[in-house]
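# Descriptive structure summary
Chain by chain, the residues run as shown.
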Amino acid sequence: MAAKKSAKRGGKRKGYKASSVKLSNKRTSKLAKQGKLKPKKKKKGLADVNQQNERRDNIQVNGRGVESEESDLGEEDIEFYGTPGNAQGFINAAKSRTLSKEVVKSGKKRKKKDPDEGEEEQYEQRPRKLFANDENVKSLLPIKTKKGVIPQVTLAIPEVCEDEPAVKEEEINEPEASPTEKEEELPTLTNVELYANRQEKLRARKSRIAALASSLIENPEENIKKLKELRSYTVESDPDVFLTVRKLAMVSMMEVFKDIIPGYRIRLPTEAEKAQKLKKETKQIRDFEETFLLNYKKYLEFLEMTCKGKLVEDKDKKYFRGGAELKLSSSASQTMSVLAVKCLCELLKTQPHFNYRNNIITVLVPLMNRGNREICGIVCETVQDVFRGDKSGDLSLEIIKCISRMVKARDFKVRKEVLDTFLSLKIKEVDYEGDSVKKDGKTRKEMMKKLSRRERKKKKKMELLEHELLETRASEDKKRKIKMHTEIIQTVFHTYFRVLKSLEKSTLLPSVLEGLAKFAHLINVDFFDDLFNVFNTLIDSGNLGYRESLHCIKTAFTILIGQGDVLNIDPMRFYTHLYNTMLKVNAGVSSDDASLVLECVECMLGRRKRQISQQRVLAFIKRICTLGLQQEGHSCLAMLAALRGFIVNYRCSELLYDNETQGSGVFLPELPHPEHSNAHNTMLWEITLMKRHYHPTVRQFATHLSKMAPTSGEGQLPVDLIRRDPKDFLNEYNPIEIFFGIKVPEKCSTKKKFSKSGPEFLQPEVGEIVTDVLQKMDSISAKSLSSQDNNVT
């Protein structure tokens, strides 16, 4: 009983052996579960053999090689499969499929049928009666789509016999499609409907762009993925609104970048840094920076292509409408280019510290010499603003180097405005000797050798501490700033000197001379001799205009006043040239050159008091009075203010107030040399004419100078006029903004003010004269009326 129980429980008894059949069955079932069992070929039984014999007898009886009515295929099927144009071997395949369906596989698990295989079987079992009677139609392989299977047919070209004519190509073509299969023509829209449709598209895109920009500005870290969608509007493909949408997206992205650009440069991680494990917050910041920098780069690439007048296309979309590629007109392309240039300039001005700054400079600098004057003016104005606002000098140095390379590459054939941008540089101090001392390092080594070991160690610690303190400072290091300014001014002078040496008749010469006049106090002493030789050659050539000559004179005397005192140079030639040039200054039309004349006169007379003769001083005072008589009111006022200073400082000017001649000779203003003009024998009669000037302040100054500029008593000037610099009068009394010292209001009020009846005059003297004349006319008319009444009576 115990043995039976153990057998029932599945236990093994000692000495028990399983049969080979049981083991083979276990092995077979195991392989079948794993799917490794190969299917066995079905052995033909006796019934199958008898069935085959019966079928063979039926085929012999019918004599056509087709089964009888008792088989699975009927007569209609045999007739269909026997038609021309259909596959002849399809009967056997149909039989095999019908037979295979009858066989049911045994097994516990059944595989799910593929729905696509079921569709193919259903399609193959359908009768093909579409073109059964047409001999010229030939069936092709069907096309399977999501909606179903589409049958494909073609025309079979019959062989052409010698007796029959050839079939024309028109007869071989496919039959015309039915009217239902033809494409439906789109309804034509009126202009009003087209306009309304376009406005609706614009409204939808504007609202979407505004929503994206607002979300990015509100929280850029979380909504950084929306930046890509906003950038996609810069390559809008809709032909109705693509130009307007691109403009809006371009400006919107520029404003977004201005707001969310961080205050530091983003450094992309290396491969080793990417492989490191990071915190969740650190990884979010890194992903944000990478995504932001990628979109910023692609936006700058789009602006660069648009600046060149190219239509940027989206690679994922096609810009076709009616089979023709979209193209911009010349005016639309120019408008897009101007807008792209403005966006680049705004990014350079507002975010000069961020990545791809050099790329923006490389794109903008060549546009300064472009044919389009509007783009040229925008870029030049931006560069000037950058020069004025750059405090450290890094950005200015990069732009100056790029401009210098462009000018050299184009063989100095550039616009005058390109070099005029150098005048906006604010550089007041340079150090030419600092670099050589640092490069040699002899002074520091000698000092370190003299120190003891303990002192050397202490000094090194102090230098390290100073370096760390400089990094913590918020302000720029003064030494580094001076170094940058020195490198900038060297690059500028290098460009100026090349123009002076090689191109004497260049259109850039006025800009070069004006720049040298402004930065003359920063010129190195080594270039003084060469500069004076070049100036003498230019003056003797006679090819310079009066403005260029004034710049040459200003540069020469600025050098002589500063570091040029040690040079043995005779400035007589420059005095003579200025004396002759002052009469050629433009008068009447504009007084823009009055400031330049005042600067030259101040350098030659005001700052070199002990190095100028009496005859030269008197000649220049007389020439200043003559020039002031021909200028506008504010320029005349500046000339009189400068003249007052010379009269007060030089006592010899009293000779110009005496009508008696001193010595022999007559005043000859046409002579070129001021010493030989006999200026001591003339008078300042121009001041008498200025006392009747239309400008009240000029009359006040002329009255003051006619009494030899008294400091007190009758004829003295107010304190505010005495303390002003002559150049200040040019700006404060400019007639464009100020009229007689009263500022012109920008916008007049529209309210009506009640005023007293009667004429009003600015000058009370004129009002008195007019009232006297009117009273006399009234008295004369009254007398005439009384005489007429007497005659009538």
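## Looking at the overall build of the chain
On a plain count of helices and strands, the chain comes out with 33 helices and six strands. When the 793 residues of the chain are sorted by exposure, 33% land in the buried category. A fraction of 69% describes how many contacts in the chain between residues 6 or more apart in sequence connect residues 24 or more apart.

## Topic: the pattern of salt bridges
Enumeration according to the criterion identifies 24 salt bridges in this entry. Among the salt bridges present, the one from Lys 201 reaches Asp 238, with a minimum N-O distance of 3.3 Å. In this pair, Lys 201 is assigned in helix H8 (residues 191-218) and Asp 238 in the loop between helix H9 (226-232) and helix H10 (242-260), connecting sequence segments 37 residues apart. Of the residues examined, Asp 238 reaches a relative accessible area of 13% and is grouped as buried. Salt-bridge contacts for Arg 616 lead to Glu 675; the nearest nitrogen and oxygen are separated by 2.4 Å. Here the residue Arg 616 occupies a position in helix H27 (residues 614-628), and Glu 675 occupies one in the loop between helix H28 (633-649) and helix H29 (686-690), the gap between them amounting to 59 residues.

## What to know about a positive patch on the surface
On the surface, Arg 453, Arg 456, Lys 457, Lys 460 and Lys 461 cluster together to form a positively charged patch. Residue classification places Lys 457 among the exposed residues on the basis of a relative accessible area of 55%.

## Remarks on the confidence of the model for the chain
As a note on interpretation, predicted positions should not be read in detail where pLDDT is low. Taken as a whole, the chain shows an average pLDDT of 75; of its residues, 70% reach a score of 70 or greater. Scored below 50 in pLDDT, residues 159-183 shows nine contacts in the model against residues more than four places distant or in partner chains. Predicted confidence for residues 751-757 stays below pLDDT 50, and this span has zero contacts to residues more than four positions away or in other chains.

## Examining the packing of helix H16 (residues 394-409) against helix H21 (residues 478-502)
At their nearest, the axes of H16 and H21 sit 10 Å apart, and the two run at 15° to each other. Classed by the angle they form, the pair H16 and H21 counts as roughly parallel. The crossing of H16 and H21 is left-handed. Contacts between H16 and H21 involve Asp 394, Ser 396, Leu 397, Ile 400, Lys 401, Ser 404, Val 407 and Lys 408 from the first element and Arg 480, Met 484, Glu 487, Ile 488, Thr 491, Val 492, Thr 495 and Arg 498 from the second.

Conventions adopted
Residues numbered from 1 in each chain as written. Predicted model: local features only at pLDDT ≥ 70, side-chain atom pairs only at ≥ 80, totals over all residues. Heavy atoms only, no water. Helix = DSSP H or I, 4+ residues; strand = E, 2+ residues; numbered from the N terminus. Buried < 20%, exposed > 50% of the residue type's maximum accessible area, 1.4 Å probe, protein only. Contact = heavy atoms within 4.5 Å. Salt bridge = Lys/Arg side-chain N within 4 Å of Asp/Glu carboxyl O. Patch = residues over 30% accessible without salt bridge, like charges linked within 9 Å, V, L, I, M, F, W, Y side chains within 5 Å. Areas by Shrake-Rupley, 256 points an atom, 1.4 Å probe, with all protein chains shown as cover. Lys, Arg positive; Asp, Glu negative; His and termini not counted. Charge placed at Lys NZ, Arg CZ, Asp CG, Glu CD. pLDDT = per-residue confidence, 0-100. Axes fitted to C-alpha atoms, helices over the stretch in contact; angles between N-to-C directions. Parallel < 35°, antiparallel > 145°, perpendicular 65-115°, else oblique. Left-handed = near helix turned anticlockwise from the far one by under 90°.

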